[in-house]
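Each chain is listed here by its residues.
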Amino acid sequence: MNKPIILCFFFILLFSLPGLAQNKPILHLKYEQNYTPTYREVIEMYRLLDATYENAKLIENGLTDCGKPLHTFIINSEKEFNPEKIREQGKAVLLINNGIHPGEPAGIDASLQFADDLLRNKNGLATLLKNTVVVIIPAYNIGGLLNRSAFNRANQTTPYETGFRGNAANYDLNRDFVKCDSENAKSFTMIFQKWNPDVFLDTHTTNGSDHKYSVTLIAPQPDMFPPAQKTFLRKKMIPSLYKEMKKGEYELIPYVMWMSGNPQKGILMGQFGGRYSSGYANLFNSYGMMTENHIYKRYADRVKSCNQFITVLAKFISDNAGEVINSRKRGFEEMISAKTYAIDTQLDTTRFSKVEFKGYAADNNQISKVTGLKHFDYDRSQPFVDSIPFYSTYNSIDSVEIPKYYILPQAYKRVIERLALNKIQFTKVKNDTIIKVKVDYIDEFSNAKQPSNGHYFHNIVTTQSEIQNIKYYAGDLIIPVRQQGIKYILETLEPKAKDSFFRWNFFDNILDRREYFSSYGFEENALKYLNEHPEFKRKFQEKKKSDSEFANSHRAQLAYIYYNTEWSEKSYKRYPVGRIY
Ligand SMILES: [Zn+2]
């Protein structure tokens, strides 16, 4: 080592120590010029931060569909990046995901800005690292980011170039968390399970209704959580985030989901299920949320308001680390002692609070500069401030009794792979055996006309339950329900749950028959059955007497015998996951 190198090393070491401010940011972000970095530039910038600060590290975590690795960037107070060791110190974990929709890159820039600010201890920010560790996924949809063009987002003008929504396998990754088709989702699951974040943020941009706010929030919907967490969210976390944002340059409002045609009639808080990032986090009682930046604002304002939210969120977690961690712990205890679990909910339209809304008048008579015709637009010359209803309460409309175990035949490898990825514990049946279980028959199911993200999702599912003695084989899975992933287990294995594996086609093989009867082949067996079962024969003959159409149809009569006796295959439409109570 020559002298300049030693000196340089000394300075890097000196400025790496948390609490010692670097005066200037080391990254050169160009969001003020409407430029968002390319995927390679993003990774290069995190590499630079990693090389500059010893309390930060960029690591690879499995692959994505385009063959490139998924990175995480970890910022801790010291040179320790092992999740178990960090958790042992009682630190809360904040996980931030960016670029799931590459056309919505504000969070990519905002996270880079935040990392730079935090590491150089801008305004004393680094104190939050005392009890919080920040984990950033710099860019999730790498394939989409590499597919960069000025024509990927028809409704936005800046940044001038962005990536494309579909990933390398053309999945919308924000529908893929439960079904986990993409390599991105599999690698994400491993990251999520490794860190078990207390709070999770996924950054987005929306072109929904126009208003004055640069950033909006899809908060964790409190009614999706057990009582202790619900109270913490409603009484403390959500109000604090809005209050603290109000102190800064950019105010925050809930993501604008209209009740009916016009925000002035009210907006609602959505419930996002396990296919979505925040809903997936909820399956593990993590406080999952999404920011939605507003497309019609300057790109720099989108980035800065997102950065302000990340800063407010990280500070809230740090100021309340004990409560964040303990409320999750209590929530888990409440979940495992619960008897029932809500699998369907409905917005309560009788309960609402009032929120201030700064909007623009909607106008159906604007004249288009493109077509010269009338069209819907907002009149920015007519701003208004109104107090509007905000609906945020959901009631359970369907629930299940929580079983002690689910029994899953080993044949369903794709389901088992996902359970294992999500660290679900199970044992295996030791010897072939018959077990008395409660099973569901799928009554109705809807067949979507169009595929959605590679699946023909079953939007409608109705079932009927039966107690049956079913043969299971050595190696089939016995899944105890009351464990860390209880909610994930219930939401994926209860067929009627909103994002169940059944709905996502993992069990479609049960929905058609394997055997059949022929009008002549079944004759001999049908006759033998009638003769050996006089009670059934009597019913059959009564039906012939009372139903002339039936009496005149050879096919209908054979079908009656086939479908109402042991001949009818038991496994047809029988959901193969058994429940033990
Ligand atoms: Zn999005």
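Residue numbers restart at each chain and count upward from 1, following the sequence in its written direction. In keeping with the model being predicted, local features are shown solely for residues with a pLDDT of at least 70 and side-chain atom pairs are shown and tallied solely at 80 or more, while totals for entire chains, interfaces and linings include all residues.

Enquirer: Even after reading the chapter, I still don't get the overall build of the chain, so can you show me in this structure?
Expert: Strands are runs of DSSP state E lasting at least two residues, helices are runs of H or I lasting at least four, and both sets are numbered from the N terminus onward. Helix and strand content of the chain: 16 helices and 19 strands. Projected onto its principal axes, the C-alpha coordinates of the chain cover approximately 100 × 65 × 45 Å. Every C-beta atom is placed from the backbone, and the number of other C-beta atoms within 10 Å of a residue's own sets its class: buried at 20 or more, exposed at 12 or fewer, partly exposed in between. In the chain, which comprises 581 residues, the share counted as buried stands at 40%. Contacts in the chain between residues far apart in sequence, at least 24 positions, make up 77% of those at least 6 positions apart. This entry defines residue contacts through backbone-placed C-beta atoms, with two residues in contact when those atoms are within 7 Å.

Enquirer: Even after reading the chapter, I still don't get the sheet that holds strand β8 (residues 267-268), so can you show me in this structure?
Expert: Note: strands within a sheet are paired through backbone hydrogen bonds, in either parallel or antiparallel orientation. Read across the sheet, three strands follow the order β8-β12-β11 without closing on themselves; strand pairing throughout is mixed. On the outer flanks of this sheet lie β8 and β11 (353-367), each paired with one strand and no other. Pairing analysis gives two bridges linking β8 to strand β12 (residues 374-391), with the strands arranged parallel. When the bridges of β12 are listed, I267 appears paired with F390. In this analysis, strands are considered paired if DSSP registers two or more bridges between them.

Enquirer: What's the story with the packing of helix α7 (residues 227-246) against helix α10 (residues 321-337) in this structure? I'm lost.
Expert: For any two helices packed against each other, the geometry comes down to the angle between their axes and how far apart the axes lie. Between the N-to-C directions of two axes lies an angle of 0 to 180 degrees, each axis being a line fitted to C-alpha atoms and, for a helix, fitted only over the stretch in contact. Running from N to C, α7 and α10 point in directions that differ by 145°, and their axes come no closer than 7 Å. Contacts between α7 and α10 involve P227, A228, Q229 and F232 from the first element and E323, S327, R328, R330, G331 and E334 from the second. Residues are sorted three ways: Asp, Glu, Lys and Arg are charged, Ala, Val, Leu, Ile, Met, Phe, Trp, Tyr, Cys and Pro are nonpolar, and all the rest, Gly among them, are polar. For the contact of α7 with α10, the residue count by class is three nonpolar, three polar and four charged.

Enquirer: So what exactly am I meant to see when it comes to helix α4 (residues 106-119) here?
Expert: Note: α-helices contain 3.6 residues per turn, so residues at a spacing of three or four share the same orientation. In this model α4 runs 20 Å from its N-terminal to its C-terminal C-alpha over 14 residues, within 8% of the 20 Å that 1.5 Å per residue would give. Of all 14 residues in α4, 13 are buried; the element is thus mostly enclosed. For a helix, the expected span equals 1.5 Å multiplied by the residue count minus one.

Enquirer: When you look at the domain arrangement of the chain in this model, what are you seeing that I'm missing?
Expert: Accessible area lost on assembly of the parts is the figure often given for the size of an interface. Where each domain starts and ends follows an automatic or database-derived domain assignment. Domain boundaries assigned for the chain yield domain 1 (26-336), domain 2 (353-395) and domain 3 (402-581). Each of domain 1 and domain 3 has a C-alpha centre, and the two are 41 Å apart. Across the boundary between the two partners, domain 1 contributes 20 residues, which contact 17 residues of domain 3. Counting only elements with at least two residues in the side of domain 1 that touches domain 3, the list comes to α6 (183-195) and α10. Considering every element that reaches the side of domain 1 that touches domain 3, the biggest residue donor is α6, with four residues. Residues that form the side of domain 1 that touches domain 3 fall into these classes: eight nonpolar, five polar and seven charged.

Enquirer: Explain the pairing of β12 here, please?
Expert: Side chains on a regular strand alternate between the two faces of the sheet. Of all 18 residues that make up β12, zero are buried, and the element is exposed over most of its length. Counting the residues that bridge the hairpin from β11 to β12 gives six residues, and of these G372 lies at a positive phi of roughly 75°.

Enquirer: Looking at this structure, how should I read the environment of D476?
Expert: Examined against the element boundaries, D476 turns out to sit in the loop between β17 (461-472) and β18 (477-480). Taking the C-alpha atoms as reference, D476 lies 7.2 Å from I407; in sequence the two are 69 residues apart. The residues touching D476, leaving out its near neighbours within four places in the chain, are I407, L408, P409, Q410, K428 and V429.

Enquirer: Would you explain the nonpolar core in this entry?
Expert: Soluble globular proteins tend to bury their nonpolar side chains together. Joined through C-beta atoms within 7 Å, a set of buried Ala, Val, Leu, Ile, Met, Phe, Trp, Tyr and Cys residues constitutes a nonpolar core. Residues I75, L94, A115, V135, I310, L313 and I489 are the most contacted members of the largest nonpolar core, which totals 124 residues. Considering every element that reaches this core, the biggest residue donor is helix α9 (residues 299-319), with ten residues. Residue assignment places this core across two domains, with domain 1 (26-336) and domain 3 (402-581) each supplying three or more. In this structure V135 touches T72, I74, V93, L94, L95, W195 and P197, once residues within four positions along its chain are discounted.

Enquirer: Would you take a moment to explain helix α14 (residues 534-546) for this structure?
Expert: For α14, built from 13 residues, the straight-helix expectation of 18 Å at 1.5 Å per residue is met to within 8% by its first-to-last C-alpha distance of 18 Å. Burial runs low along α14: only zero of the 13 residues are buried.

Enquirer: Before we go on, may I ask you to explain the sheet that holds strand β3 (residues 92-97) in this structure?
Expert: Across the sheet, which stays open at both edges, the eight strands sit in the order β1-β2-β4-β3-β5-β9-β6-β7 with mixed pairing between neighbours. Whereas interior strands pair on both sides, the edge strands pair on one side only; in this sheet they are β1 (56-63) and β7 (252-254). For this sheet, the mean inter-axis angle between neighbouring strands, taken without regard to orientation, is 25°. Two strands pair when backbone bridges link them, and strand β6 (residues 215-218) and strand β9 (residues 287-294) are joined in this way by four bridges, in the antiparallel orientation.

Enquirer: Just checking my understanding: could you explain unusual backbone geometry for this structure?
Expert: Negative phi values dominate among residues other than glycine, just as trans dominates among peptide bonds. Of note, the amide linkage connecting T158 to P159 takes the cis form, showing an omega dihedral of -10°. Within the secondary structure layout, P159 lies in the loop between α5 (142-146) and α6. Even without a glycine there, the phi angle at N170 is positive, about 65°. Inspection of the secondary structure assignment puts N170 in the loop between α5 and α6. We note that K573 has phi near 60°; this positive angle belongs to a residue other than glycine. Positionally, K573 belongs in the loop between α16 (554-563) and β19 (578-580). The class for K573 is partly exposed, based on 17 C-beta atoms found within 10 Å.

Enquirer: What is the right way to read the packing of helix α2 (residues 39-52) against α4 from this model?
Expert: The geometry of α2 relative to α4 is characterised by a closest axis approach of 11 Å and an angle of 10° between their N-to-C directions. One way to sum up the angle between α2 and α4 is to call them roughly parallel. Of the residues in α4, those touching α2 at V42, M45 and L49 are I108, L112, A115, D116 and L119. Geometric relationships in this document are graded by angle, where less than 35 degrees denotes roughly parallel, more than 145 denotes roughly antiparallel, 65 to 115 denotes roughly perpendicular, and other angles denote oblique.

Enquirer: How do you make sense of the environment of T291 when you look at a structure like this?
Expert: With respect to the helices, strands and loops of the structure, T291 is situated in strand β9. Considered as a pair, T291 and A106 are 185 residues apart in the sequence and their alpha carbons are 10.0 Å apart. Setting aside chain neighbours within four positions, we find T291 in contact with G107, L201, T203, H204, V215, L217, C306 and F309.

Enquirer: Any chance you could explain the pairing of β11 here in plain terms?
Expert: Here 13 bridges tie β11 to β12, and the two strands are oriented antiparallel to one another. What sits directly across from A362, in β12, is Y378.

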